Amino acid sequence: GAVVSQHPSRVICKSGTSVKIECRSLDFQATTMFWYRQFPKQSLMLMATSNEGSKATYEQGVEKDKFLINHASLTLSTLTVTSAHPEDSSFYICSARDPLAGGPNEQFFGPGTRLTVL
Amino acid sequence: GENVEQHPSTLSVQEGDSAVIKCTYSDSASNYFPWYKQELGKRPQLIIDIRSNVGEKKDQRIAVTLNKTAKHFSLHITETQPEDSAVYFCAASKNDMRFGAGTRLTVKP
């Protein structure tokens, strides 16, 4: 149980275009999902907390107008990178909490999406 | 907010030796401390975790200790094997989760 999927796994786009990444909880309902960004040889940095039915909470320094998050259902959160630029190229990972499968804080991670902006 | 520091950044050991990775955290309200193993291009894989009401936890060759007073926790891997080579991250969580910078562990055969 507690499986999280992401789509796509890999995307290459041109500078200036927008890219949508989906994060789904496959076998549980997730009221809260998290979005992380990981640059090469660096750690996972929390970008935002996605709450079902309400606005996302963004970390300091993360532009909410550039990284649009929508959590419209209990099993789906989406991250849209708007007007992507080469510096947005990164590994984007989502996670979700399932208090029934793990403890109250345990997070289950998606497989990640490798974004390359040309 | 929470700040997690992790040391060392790289660690090289001989197969069969032990490896220790240490982390400190800043927010005394954090109550969940997981350790993850991440291979290149893959998602973090939970290998062990500990909650703030426990001082030590062991799972076969892996153990974690937590000192709440000093706000530090450590990962211990005994009898290391080449397949233990990976990047390891500690994290601290109350509501959201903050990660340490990572340790690249290399186990030499």
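Residues numbered from 1 in each chain as written. Chains lettered and ligands numbered in written order. Predicted model: local features only at pLDDT ≥ 70, side-chain atom pairs only at ≥ 80, totals over all residues. Heavy atoms only, no water.

Novice: Can you lay out the overall build of chain A for me, pointing to particular residues and giving the numbers?
Specialist: Regarding its fold elements, chain A presents zero helices and 11 strands. The linear arrangement of helices and strands in chain A, starting from the amino end, is β-β-β-β-β-β-β-β-β-β-β. For 118 residues, the compact-globule estimate of 2.2 N^0.38 gives 13 Å, and chain A sits close to it at 14 Å. Its C-alpha atoms give chain A principal-axis dimensions of about 40 × 25 × 20 Å. Taken across its 118 residues, chain A has 53% of its residues classed as buried. Considering only contacts within chain A whose residues lie at least 6 apart along the sequence, 53% involve residues at least 24 apart. Element-wise, carbon and sulfur atoms account for 52% of the exposed surface of chain A, whose accessible area totals about 5700 Å². (Helix = DSSP H or I, 4+ residues; strand = E, 2+ residues; numbered from the N terminus. Rg over C-alpha atoms; globule rule 2.2 N^0.38 Å. Buried < 20%, exposed > 50% of the residue type's maximum accessible area, 1.4 Å probe, protein only. Contact = heavy atoms within 4.5 Å. Areas by Shrake-Rupley, 256 points an atom, 1.4 Å probe, with all protein chains shown as cover.)

Novice: Describe the sheet that holds strand β6 (residues 56–59) of chain B, naming the residues involved and giving the relevant values.
Specialist: Residues and elements named next belong to chain B. Ordered in space as β1-β3-β8-β7-β6, the five strands form an open sheet in which the pairing is antiparallel. Here the strands that pair on one side only, and so sit at the sheet edges, are β1 (4–7) and β6. Adjacent strand axes in the sheet meet at a mean angle of 15°, parallel and antiparallel pairs treated alike. The pairing of strand β7 (residues 62–67) with strand β8 (residues 72–77) spans six bridges and is antiparallel. Note that in β8 the partner of N67 across the bridge is H72. (Pairing = 2+ DSSP bridges. Axes fitted to C-alpha atoms, helices over the stretch in contact; angles between N-to-C directions.)

Novice: Which residues make up the interface of chain B and chain A, and what are the values?
Specialist: Across the boundary between the two partners, chain B contributes 21 residues, which contact 22 residues of chain A. When the area that chain B buries against chain A is broken down by residue, the three leading residues are R43(B), M97(B) and F99(B), summing to 30%. Seen at the junction of chain B and chain A, the total is one salt bridge. Seen at the junction of chain B and chain A, the total is six residue pairs in polar contact (both at pLDDT 80 or more). Where the side of chain B that touches chain A is concerned, the elements lending two or more residues are β4 (32–38), β5 (45–51), β9 (86–93) and β10 (97–99) of chain B. Broken down by class, the residue content of the side of chain B that touches chain A amounts to eight nonpolar, six polar and seven charged. (Buried area = accessible area lost by both parts, 1.4 Å probe. Salt bridge = Lys/Arg side-chain N within 4 Å of Asp/Glu carboxyl O. Polar contact = N/O pair within 3.5 Å; in protein donor to acceptor, adjacent residues only side chain to side chain. Nonpolar A, V, L, I, M, F, W, Y, C, P; charged D, E, K, R; others polar.)

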